[in-house]
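Inside the fold
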Amino acid sequence: MIVNFASAIMDDGKKIKLFVASLVLLAAFAPISESANILGIFTTTSPSHNIVHMSYLRPLIERGHNVTVVTSIPLKDKNPKYHHILIPPTEARTKQMADMKAAVSKKRSLLELIRTSLESVSSFGPMLADHLKDQRFQDLMQNPDNKFDLIVGGYFFNPFYVGLAAHFRCPMVLSYANAPNSLTNSFIGNPNELAYVPLSPLFGLPDLSTFKGRLTNFMINIPVSVFNGLMDMQMEGIYNEIFSPTEYPSYHEAKKKVSLIMFNYHFTDGIVRPNVPAAIECGGIQIKDKPDPLPENLQKLFNASSEHGVIYVSFGSNLGINDINPDVVNALFKALSGLKQTVLWKWSDPKTPGTASNIHYNSWLPQDDLLQHPNLKLFITHAGKGGVTEAAYHGVPMVAVPMIADQIGNAAQMVKDGFGLQVDKKTVTEDQFKEAILEVLTNPQYTENVRRFSKLTKDRPMTPRETAVFWLEYVIRHKGAYHMQSPAVHLNTFQLYSFDVIAFILLILFLVYKLVSVPLIFVFRRLIAKFTKVQKIKKH
Ligand SMILES: *[C@@H]1O[C@H](CO)[C@@H](O)[C@H](O)[C@H]1NC(C)=O
């Protein structure tokens, strides 16, 4: 039809071109059966998590689906096709979060650190519940015209969001910005193999080839399981508040309805682990299949610095100037200002660490495009999961200054992989920074290692985005795809680890032992008695 219409208004040469173009277009869209209504709910306030979650929606829009997205921070992706609902955190919550961030990053005793960490963790749930209770979201929920074929939920301390799948009577997929861990695994029955899979980068990476490492991994799992259990109770409470048990399935039933989890992790990241079919490895999902051209001013800087190359510095989007120790920033500034390389520093505060002819501050930099530039020599990072993944994917060596949470483990893994070095934020000096930077710039082994990895991780049957599109549409096509659910989802802990079976076998063994031993002992005693009698008689 397109071709017929076009032929009426165009000459022959153009006709052929258009014909070919529409064939290509048709081929590209061929697998899509019909446009689906998809709801993305990503209420995290962490921009880096949001980038990961949003990466699933863009290709879905490009394939013609009708995408509605709820976020708590403005969208970076300005595609007008999103039906976007912005629900920012309340002022009180914003203040609460800022206070907690400050408290966690301050120097404190271990006990206080644990207390403030627990406080901040337990405030996530109520904060993320605010978004669901908000009038703007309630309008979306209560409008009977809104029908969805799939919900994609950004997962982080909000498992009660599973109630939305029950509400809209549609399948739900979770997006998790990290590797599988015991929290995410519980949804889909993914095994936690403590003997050879590190529990979580949050707790560092014990060397599991040693007994000590395995003991550590096992022991950390105990408080973590207690924590998970307590958190689940809190989440169940929130669920019951929003999804009344009289109208909705119970929290634990609703949790079993999660079809898939998309992980921002791939086995080439270094942790090889067994995954059930519902655990989809989409490591590098936030990375574009092809870079966009750099803005003109950045391109100019790259051209001008072609001799020595460019260093890119970013402490991510979560950490503000007040969250980073000024000593660290000053030491880094001094170390960088003496270098021949051009430095691009992502810095959003009006007050900069200082001026130097080779350092250029920018409140926003197109990280993914920068890291793909052949003349980018080094990435100085706080070791957020997103940045480390992107740099490694593009083969850029790193110097890491991990600050909090999973950054510690990300940096340790990065160093272990040989992609760069890390410095300690508590003790780092200008000289240490300089030494680490020069070592990574001049010793080719780091670049070689990370380039080798880059080649390896890109070698996949489908790109992360193609993988994501395939599985999300698969869930839509097969109405939740519950045929691929692991039976483990329906077992409790005792059943899952065969404790019930082991207990049964022990009981049988005990009974058999009793059955056999009682008469045996009886016979034995009689024999002894007889024997001693005989002995006595003999003696007399
Ligand atoms: C797309 O989704 C929105 C919900 O945000 C809905 O109002 C609209 O009717 C949908 N469009 C189509 C064509 O289904």
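About the cut-offs
Sequence order sets the numbering: in each chain, residues are counted from 1 along the sequence as written. With the structure being a predicted model, the display of local features is reserved for residues of pLDDT at least 70 and the display and counting of side-chain atom pairs for 80 or more, all residues being used for whole-chain, interface and lining totals. The side-chain figures draw on all heavy atoms in the structure; neither hydrogens nor water molecules are used. Cavity and pocket criteria rest on a 1 Å grid covering protein atoms alone: a 1.4 Å probe that fits but cannot get out defines a cavity, protein on both sides within 12 Å along at least 5 of 7 lines defines an open pocket, and an atom within 4 Å of a point defines a lining residue. Grid points are joined across faces, edges and corners, and a volume is the space filled by probe spheres set on the points. A helix here means a DSSP run of H or I that spans at least four residues, while a strand means a run of E at least two residues long, and both kinds are numbered starting from the N terminus. What fixes the domain bounds is an automatic or database domain assignment. What makes a residue near a molecule or strand is one non-hydrogen atom of that residue sitting within 4 Å of it. A 3.5 Å cut-off defines polar contacts: any pair of N or O atoms within that distance qualifies, except that in protein one atom must be a possible hydrogen donor and the other a possible acceptor, and neighbouring residues in sequence count only when both atoms are side-chain atoms. Per-residue and other accessible areas were derived by the Shrake-Rupley procedure at a 1.4 Å probe size, with only the shown protein chains allowed to occlude residues. Three classes are used, and their members are as follows: Ala, Val, Leu, Ile, Met, Phe, Trp, Tyr, Cys and Pro are nonpolar, Asp, Glu, Lys and Arg are charged, and the others, Gly among them, are polar. Only protein chains enter the area calculation, which uses a 1.4 Å probe; residues under 20% of their type maximum are buried, those over 50% are exposed, and those in between are partly exposed. Axis angles are defined between N-to-C directions and span 0 to 180 degrees, where every axis is a line fitted to C-alpha atoms and, for a helix, only to the segment in contact. Small angles under 35 degrees read as roughly parallel and large ones over 145 as roughly antiparallel, with 65 to 115 read as roughly perpendicular and the rest as oblique. Here a crossing is called left-handed whenever its near helix is offset anticlockwise from the far helix by less than a right angle, and right-handed whenever the offset is clockwise. Should any heavy atoms of two residues lie within 4.5 Å, those residues are counted as being in contact. For salt bridges, the criterion is a side-chain nitrogen of Lys or Arg within 4 Å of an Asp or Glu carboxyl oxygen. Strands are labelled as partners when DSSP assigns at least two bridges between them. Note on handedness: a crossover is taken as right-handed if, strands pointing away from the viewer, the path from the first strand over the helix to the second is clockwise.

**Observations concerning empty space enclosed by the protein**
- Applying the stated rule across the entire model yields three cavities of 30 Å³ or more.
- What the largest cavity holds in volume is close to 340 Å³.
- Around the largest cavity sit 24 residues that line it, and Asp-269, Lys-385, Val-388, Thr-389 and Gln-413 are the ones nearest its centre.
- When residues of the lining of the largest cavity are traced back to their parent elements, those giving at least two are α14 (385-394), α15 (407-416) and α17 (444-458).
- Of all the elements, α14 adds the most residues to the lining of the largest cavity, at five residues.

**Concerning the domain arrangement of the protein**
- The domain boundaries assigned to the protein delineate domain 1 (37-287 + 463-493), domain 2 (296-458) and domain 3 (498-529).
- Between the C-alpha centres of domain 2 and domain 3 there is a distance of 67 Å.

**Looking at the site of the ligand**
- In the vicinity of the ligand, the contacting residues are Asn-37, Asn-66, Thr-68, His-83 and Asn-146.
- One of the side-chain N or O atoms of Thr-68 is found 2.7 Å from an oxygen atom in the ligand.
- Surface burial for the ligand is 48%, taken as the share of its 360 Å² of free accessible area covered by protein chains.
- Residue classes in the shell around the ligand are distributed as no nonpolar, five polar and no charged.

**Things to note about the environment of Val-475**
- Following the sequence through the fold, Val-475 ends up in helix α18 (residues 464-477).
- A residue is classified by how much of its surface remains accessible, and Val-475, at 0% relative accessible area, is buried.
- The spacing of Val-475 and Ser-259 is 216 residues in sequence and 7.2 Å in space, taken between C-alpha atoms.

**Points about the packing of helix α12 (residues 326-337) against helix α16 (residues 430-442)**
- Put simply, α12 and α16 touch, their axes get as near as 8 Å, and they point 50° apart. The orientation of α12 with respect to α16, classified from their angle, is oblique. Here α12 runs over α16; the crossing is right-handed. Within the contact between the two elements, α12 uses Val-328, Ala-331, Leu-332, Lys-334, Ala-335 and Leu-336 and α16 uses Glu-430, Phe-433, Lys-434 and Ile-437.
- Along the lines of polarity and charge, the residues of the contact of α12 with α16 split into seven nonpolar, no polar and three charged.

**What to know about the pattern of salt bridges**
- The final tally for this structure, using the stated rule, is eleven salt bridges.
- Two residues, Glu-241 and Lys-133, come together in a salt bridge whose shortest N-O distance is 2.8 Å. Here Glu-241 is found in helix α9 (residues 211-242), whereas its partner Lys-133 is found in helix α5 (residues 110-133), with 108 residues between them in sequence.
- Asp-269 is the partner of Lys-385 in a salt bridge, and the nearest nitrogen-oxygen pair spans 3.9 Å. Within this pair, whereas Lys-385 is found in helix α14, its partner Asp-269 is found in the loop between β6 (258-263) and β7 (279-281), the two being separated by 116 residues in sequence.
- Among the residues examined, Lys-385 registers a relative accessible area of 16% and is labelled buried.
- Beyond isolated ion pairs, a larger network of salt bridges with shared partners links Arg-58, Glu-62 and Asp-77.

**Some details on the packing of α5 against helix α6 (residues 135-142)**
- Remark: α5 packs on α6, axes separated minimally by 5 Å, with the N-to-C direction vectors making an angle of 55°. Put simply, α5 runs oblique to α6. Contacts between α5 and α6 involve His-131, Leu-132 and Lys-133 from the former and Gln-135, Phe-137 and Gln-138 from the latter.
- When its residues are assigned to classes, the contact of α5 with α6 shows two nonpolar, three polar and one charged.

**Re the pairing of strand β2 (residues 66-71)**
- Most of β2 is tucked away, with five of its six residues classed as buried.
- Two elements, strand β1 (residues 37-42) and β2, share six bridges in a ladder whose sense is parallel. Residue Leu-39 lies in a different strand from β2, and its bridge partner there is Thr-68.
- For the crossover from β1 across helix α3 (residues 47-62) to β2, the handedness is right-handed.
- As defined by bridge partners, β2 adjoins strand β3 (residues 83-86) across four bridges and the pair is classed as parallel. What sits directly across from Val-70, in β3, is Ile-85.

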